[in-house]
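Residue-level structure breakdown
The primary structure of each chain is shown beneath.
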Amino acid sequence: MGLSTKQKVLVVAAVVFVVLVIILIVLGALGILTGGKDDIPDSDTLSCPDCLFQQSDWSEGEDGEYRATRKNCDSVLVTLTDNLLSIKKSTDVGPEGQVQNSLSDFSKKIPGANQDSSLLTWKVDKTMRNNETVKLVFSDTGTQYAGCGNFDGPLFTVKPSGESKVSCMLWKSEENPTYLPFYVSRNNEENAVCMFAEAQGAPIEITLTSTTTEWLIYSDEEVKVHSFNGGSVQDALDNCVQKWKEIYPSTSSTVDWTDNFIVGSLTPSQIKTDQENTESPATHYILSPDSVTMTGSGLEISGGSDISDYSSVFLPMTASQKLDEDSGITATKENGYYPSNDKFILDFEKDSVSTTVDTNFLQQGKAGILMSGLLQFPKGADCKKSVFCSDDLSEVDETSCLSVEFGDGQVFQKHNLYDVSMKKALKPGENLVIETVLSPGTVHFHRTGLELTVAGLKTCYNNIFNIRRFGIGAVTCNMCAGVVPSTDSQKSTCFRWSQLSLLMPYVIISSEEDLTGALSGSQNDAFAKLKENLSFKKQLHYLLASPDMSIVAKSNGILLGDNVFMVINLEGSVGDIEVELPSGQWLAPDPEQQTEGTYLKSDSNSATITYEENISKLVFFKLGKIHVIKSSENENHVEVHVMQLKDDNFGDNIAGSFTINGHTTSISFDHSDAKVTFSYQTAVTTIDKNQFLLTKLVIYYWNKDEGTLDAAASNYAAGKDSEMKEKINVVFAYDAASASTIFEDREQKILQGGGDGR
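Criteria and cut-off values
Residues numbered from 1 in each chain as written. Predicted model: local features only at pLDDT ≥ 70, side-chain atom pairs only at ≥ 80, totals over all residues. Heavy atoms only, no water. Core = buried A, V, L, I, M, F, W, Y, C linked by side-chain atoms within 4.5 Å. Buried < 20%, exposed > 50% of the residue type's maximum accessible area, 1.4 Å probe, protein only. Helix = DSSP H or I, 4+ residues; strand = E, 2+ residues; numbered from the N terminus. Expected span 1.5 Å × (residues − 1). Contact = heavy atoms within 4.5 Å. Disulfide = S-S within 2.5 Å. Pairing = 2+ DSSP bridges.

**Let's talk about the nonpolar core**
The tendency in soluble globular proteins is for nonpolar side chains to be buried side by side. Counting residues in hydrophobic clusters, the biggest one holds 93 residues, and the most contacted among them are Leu 287, Trp 497, Leu 500, Ile 558 and Leu 560. In terms of residue count, the dominant contributor to this core is helix 6 (residues 454–468) (six residues).

What follows is the structure in structure tokens.
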């Protein structure tokens, strides 16, 4: 029996449907409808295509610019010039009439390198760009790397091997409050490359393998990567830092070496009490954050009238970036800042904040600002790294990990919270700004959040050495972690921590508790050795404050300049320790001049010393040099120590120079004539005796036969005298000046001491 007309229609319709389904399946398999296999996301990625450009997507223009275009992805323009790679979104296809050539070489050298063995190359076909991120991949020939946000340990680390990877996030966190997007690679000390990203403070995640460095930058703006080679690691770093400072010029105050001891955080009443305490070692103070509030009229300090002079008082502030208007934050902005948990977060892009800070600081004349407090970038193990797809192909949801809780809303913090607008608002050229977060433009960085442990001590030590190499002028750590040491172990750690004060242009100790009693109390010895070390630091002021003074890390020691060496003991070892002592003869003199002190001679850059927690036995002065230190009895006076060699070249003459308050004095010692000569290097008509007040002249005169030390000493302040063996002739070759203008009219007697070594 034949089919009815209706049945025939149904059969035809079914056949047509099946054919259409087959066609759709075939077209889908061929990628004609979906845009190709590469546009199909796998189950482990976001529900949108991964904009990883294929080799066929890239072309090169006649002007040397590189372009990539791919369906559903932002087109990008990459420009390579000397020491620079720039990548940004591109809406055009290049200059009109220009021919675009396809690429065959997908490994491009960054121009401007001067060391072929440290070539840095850009992996063209590994580049990714979408609405919110850019990914760049580089390769170099180094075997060790530094930077990548890691400043708490040794500077250089061996690169991962095989298939292993190492990732680091360049973004402020409580564990590592730094944002210095540098990467340094080296084969050895003579072969290095340095690079950094200019990304307007955007979060950056760097992933390293044995051969490549992948930069995932959370920014939809133009990103620039600067790279420099050098004949040494320091050369490469210096080139990087010079460019970094050109991009982020700092108007901040210069780093002046001081003897300041800053104590916080205290209420106005507590500051007033300590200022009246003559036993207090504090010279400056940090106000408690709870004492400071903001109103529509500006800053208000609770009990502020207790302090008559704010020139030694630092004000604490909390900073935040400009928040997006569509962030969902419900807090109402008041005069350029947000109230949050009864405190105020500044939005430095608002003129009213600049005016508030300007008015309150310049009129009240405070010592400066201690700036702290930032939100954190969200990052978790389940966070997707490729975010936001082009052409609205997907919606942002919780799987994108773009947001953090803030009040009742959600906000993705796209930029680092410290930015150039903050620098401008605070007018750091007129105010000392000490920041607890390290970012572009930072000059004074203070590390907080450490514990009074060996690990905290090592972090402080590494921060000082590592961060200074990246051009940051002042690096300090919260002294002894802001803790009053109570056990022997804590006291020992605090002593070794306070040795690092010799590397700090000022010292800060701060706690939520009032530390002034423990610091000045005669019955509490918790900080006794800390104060001794600070006094010793003050005596070395002229050495440490020298603009040419360098610090070099050695094994169990630090070389200060060329002629002073300090033994350190980060591990807290007991007994003898091996130190990497530079070659030469060294002496840690007895401060009382009753004994020779500790003498060391290094022929192989090594020596053994018994470590004692006594700073005078741990700081060695090089013999064959003239050392000028501050008087321990009067900080406006100086002591001149002429240190002859003990062995070899015993009779050598010694010369040196000393500068104070703009006056430079040459000092020479003639061994054969037993003569010390002081003279100005440039002629002057008059001499102000306040420019060079000599309290003590000590000549370390070794008994060649016995190998013991005879000290020729004159201490005018104490009026000492001794049995005279022979005269030491002192000559003051100052134009139009007599010796009395230098020695404050005291009787001129320079005597060689007796055989007791005084």
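Read on for the rest.
**Notes on helix 7 (residues 488–499)**
In this model helix 7 runs 17 Å from its N-terminal to its C-terminal C-alpha over 12 residues, within 8% of the 16 Å that 1.5 Å per residue would give. Of the residues making up helix 7, those classed as buried are Ser 492, Thr 493, Cys 494, Phe 495, Arg 496, Trp 497, Ser 498 and Gln 499. Packed against the buried residues of helix 7 are helix 6, strand 30 (474–477), helix 9 (528–539) and strand 34 (564–567).

**Some points on the environment of Tyr 66**
Considering the arrangement of structural elements, one finds Tyr 66 in strand 2 (residues 66–68). C-alpha separation for the pair Tyr 66 and Val 124, spaced 58 residues apart in sequence, amounts to 9.0 Å. Discounting residues that sit within four places of it in the chain, Tyr 66 has contacts with Trp 58, Ser 59, Glu 60, Val 76, Leu 77, Val 78, Leu 80, Leu 103, Lys 108 and Trp 122.

**Examining the state of the cysteines**
In this structure the tally under the stated criterion is three disulfides. In this model Cys 194 forms its disulfide with Cys 240; the gap between the sulfur atoms is 2.2 Å. For the disulfide bridge between Cys 194 and Cys 240, the dihedral angle about the S-S bond is near -115°, and by the sign convention the bridge is left-handed. Here Cys 194, found in strand 14 (residues 191–198), pairs with Cys 240, found in helix 2 (residues 233–247); they are 46 residues apart in sequence, far enough to count as distant. Assigned by exposure class, Cys 194 and Cys 240 land together as buried. What pairs with Cys 480 in a disulfide is Cys 494, and their sulfur atoms sit 2.0 Å apart. Taking the sign of the S-S torsion, 85° for the link of Cys 480 and Cys 494, the bridge is right-handed.

**Some words on the pairing of strand 28 (residues 432–435)**
Residue alternation in strand 28 divides its side chains into two sets, Leu 432 and Ile 434 and Val 433 and Glu 435, and both sets are buried. The sheet contact formed by strand 25 (residues 368–372) and strand 28 spans four bridges and is parallel. For Gly 368, the partnering residue across the bridge sits in strand 28 and is Leu 432. Here strand 28 runs beside strand 29 (residues 444–447); their pairing, made up of two bridges, is parallel.

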